[in-house]
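# An overview of the molecular structure
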Amino acid sequence: MIGAFVAQQIVGYSIDKGLDHVFRKKPNSYKPKLELVINKTIDDFSSEYPIAERDEKFPFYKSQIIIDELLKYRFFKNNNYLLDENRIKQELLINPYILVPKNGEIEIFLQLFEENLKAEKELKPLAVEENYKAEIFNIAQKFTSLFEQLDRVERNTEDIKKLIEEKVTRSGEIPKELTEVHRRAADDIVGRADDLNKIRNYLLSKHETVLLNGMGGIGKTTLAEVYVESFYNEYNHIVWISVEDNFKDAVLSNYILLQNLRLESDNPEQQFSVCLNELSNLGGPNLLVIDNAKQNLTKYFNQLPKAKNWHVLITSRERIEPFNIMDIDFLSTQDAIDLFKKYCADYSEEQILTVVEKVELHTLTIEVLAKAAKRNKWIFEECLGALGFDAKVNVAVSRSNYKRIERIKSYLVKIFNAGKLDEQEKWILKQFTALPPVDIDYDFLYRLLQVEKLDWEADFPSKLEGLYESGFLQKNIKKGSYKLHAVLNEVTLATLKPSVNNINPLINTVTYLLNIDQAKDNPIEKFPFVPFGDAIIELFPNINNSALTPLKNNLGLVYKDLGKYEKARDLLEDALKSALENFGKKHPSVAISKSNLGLVYKDLGEYEKARDLLEDAYEIFDNSLGKDHLYTKGVLKFIKDIRKGDNDETT
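Residues numbered from 1 in each chain as written. Predicted model: local features only at pLDDT ≥ 70, side-chain atom pairs only at ≥ 80, totals over all residues. Heavy atoms only, no water.

## Here we look at the sheet that holds strand β3 (residues 286-291)
- Pairing within the open sheet is parallel, and its five strands lie in the order β2-β3-β4-β1-β5. Since the sheet does not close on itself, it has two edges, and those belong to β2 (237-242) and β5 (325-327), each with one partner. Sheet twist, expressed as the mean angle between neighbouring strand axes with direction ignored, is 20°.
- Relative to strand β4 (residues 310-316), helix α10 (residues 193-204) is tilted by about 135°, and along the sheet it contacts β1 (209-213), β4 and β5.
- Where helix α11 (residues 220-230) meets the sheet, its contacts fall on β1, β2, β3 and β4, and the angle it forms with β4 comes to roughly 155°. (Pairing = 2+ DSSP bridges. Helix = DSSP H or I, 4+ residues; strand = E, 2+ residues; numbered from the N terminus. Axes fitted to C-alpha atoms, helices over the stretch in contact; angles between N-to-C directions. Contact = heavy atoms within 4.5 Å.)

Shown next as structure tokens:
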């Protein structure tokens, strides 16, 4: 029966959300009563207002959206959680497989549910007896808001809380670590002592900025982490900015930094300049680390905080002028041997020499190969064979030459294939290709990937740790966080070729995290999740999959609210194109995309384009929802505002 199906979904939803103890204690008591309430509500509603399934679409009361709302209301109504018909309608419209409810239907359904809930006399005593409510509120208190915002359990948010609670004093003192700071002990690396001293001498003498330049996987970021650890006590304040594409975007998406500088409510258009000014005005000495910088950093050279209060340490694969460049070379032969022996000492020094020379003394390749050899218990011949005898060609090529980079990747691909990863490990690596290359806390990773829904959930921790032990993932042991090195990301993409379907749970989670409820959400609170949305979109740049449409829409709206209208326009244009291809010209999802894009064009001053899109959206909403619907009225208001603006300009 339909009611039993919905009740099963509610129970499943509760387990997904960590409320499994609600039903595991007495699975044959509370659950059947809940099924009866839901079943009666559906029967009462469907007999009075029958809705037939058609065109592969189903009635709204079978949707996960309604299930979520009933569960949240049932558990949290005493905490002022209200059923919001308009919010429910908005969410229902996004799903193309749900039959759009008529005006008043949702309200009637929710009223029936509440009446039936009150009428079921045994349900409340059973709930009290099984003590689920106390358990739920314990979880809610721990995570601040379990359902409304998953970002309350996101690692960056937890870091913000810790910084506020532990490091910001009552007098308003700015904390030492203005962002998450990456630190690594000096004994974690091999053969970089001279480079470390050179960096220190550069920064203390004539150079207030040093750019560490070298090919990917050579150890630039690791060296920067060791520098931070080694001279941590020498600085009053430390900032670490990891760049994916643009330095400005990296600063604006660093919620911890904005929070610590009390800038989270500033105008987004001015926030970047204000942030750099605030940093420059801090008393020194201070340290700014910019990791993985691109050429576009040049245009911000004069805005960066520098002497006399700041040292700036930059890592980059590119030689960026006018920064003072320090080349990071390959390891010496002996250092390369020592690095291999650190992770695998099963071979003679002569055998190890053969291996490290074969991979051209490349730091990351040596570490990955040594870990793979240790984990797989390879004899020397198997270790050597993992590289492929035909891999090394044209050894005399310059170390900065493109061909050498490609050879290094070929070694890593061969090691990857020789490692014989199982399907679960491959699945995890596919997820990491769609994540930004930053340290991700285990708990947040667990929720991002919806691990609780995997049939191998219990094995997930060991599989993750196995990938670290094999060298395919990097781990911050102190923080319990993981990331995929940028070079290994390229190797994983080439080898596993992840698809949209492979990462659907991740897409759904990030889409949810980026959703803005205009009635209560501050767009700045979405900052930490923008890189996650960007990473997914960049992985599938030319694919118009329906699963990506809501993500592009939500990400575009975040960029709009942040004042980044060109970026918002590009994303919403893609979302509209995808919606048209997947849903057809007259679908409400298309109308939503057109109205969102129209508002961005309005912000860009392109009023004619904005008006055309909004008028199209109005026609679709009018035909499908009626003139009195909230969406229809809202779009009409925007159209009138634009027309009024046109008339004012003409006058």
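## As for the packing of aromatic side chains
- By the definition in use, this model includes 19 aromatic pairs.
- Where F45 meets F109, the ring centres are 5.7 Å apart and the plane angle is 80°; that geometry is what we call edge-to-face. Placement of the pair is F45 in helix α3 (residues 30-48) and F109 in helix α6 (residues 105-119), with a sequence separation of 64 residues. Neither F45 nor F109 differs from the other in exposure class; each is buried.
- Seen from their ring centres, W427 and W456 are 5.6 Å apart, and the 90° between their planes marks the pair as edge-to-face. On the criterion of sequence distance, the pair formed by W427 in helix α20 (residues 423-433) and W456 in the loop between α21 (442-448) and α22 (460-469) is long-range, its members being 29 residues apart. Like W456, W427 is buried.
- Sitting over the face of the ring of F301, K306 holds its NZ or CZ atom 4.3 Å from the ring centroid. (Phe/Tyr/Trp six-rings, centres within 6.5 Å; stacked < 30°, edge-to-face > 60°. Buried < 20%, exposed > 50% of the residue type's maximum accessible area, 1.4 Å probe, protein only. Lys NZ or Arg CZ within 6 Å of the ring centre and 35° of its normal.)

## What to know about the sheet that holds strand β6 (residues 440-441)
- Spatially, the three strands line up as an open sheet ordered β6-β8-β7, and their pairing is antiparallel. The outermost strands of the open sheet, each flanked by one partner alone, are β6 and β7 (474-476).
- As judged from the three bridges shared by β7 and strand β8 (residues 481-483), these two strands associate in the antiparallel manner. From the neighbouring strand, K475 faces β8, where its bridge partner is Y482.

## Concerning helix α29 (residues 607-625)
- Taking 1.5 Å of rise per residue, 19 residues should cover 27 Å, and α29 covers 26 Å from first to last C-alpha, within 8% of that figure.
- Within α29 the residues assigned to the buried category are A610, R611, L613, L614, A617, Y618, I620, F621, D622 and L625.
- Phi turns positive one or two residues past the end of α29, at G626, with a value near 95°. (Expected span 1.5 Å × (residues − 1).)

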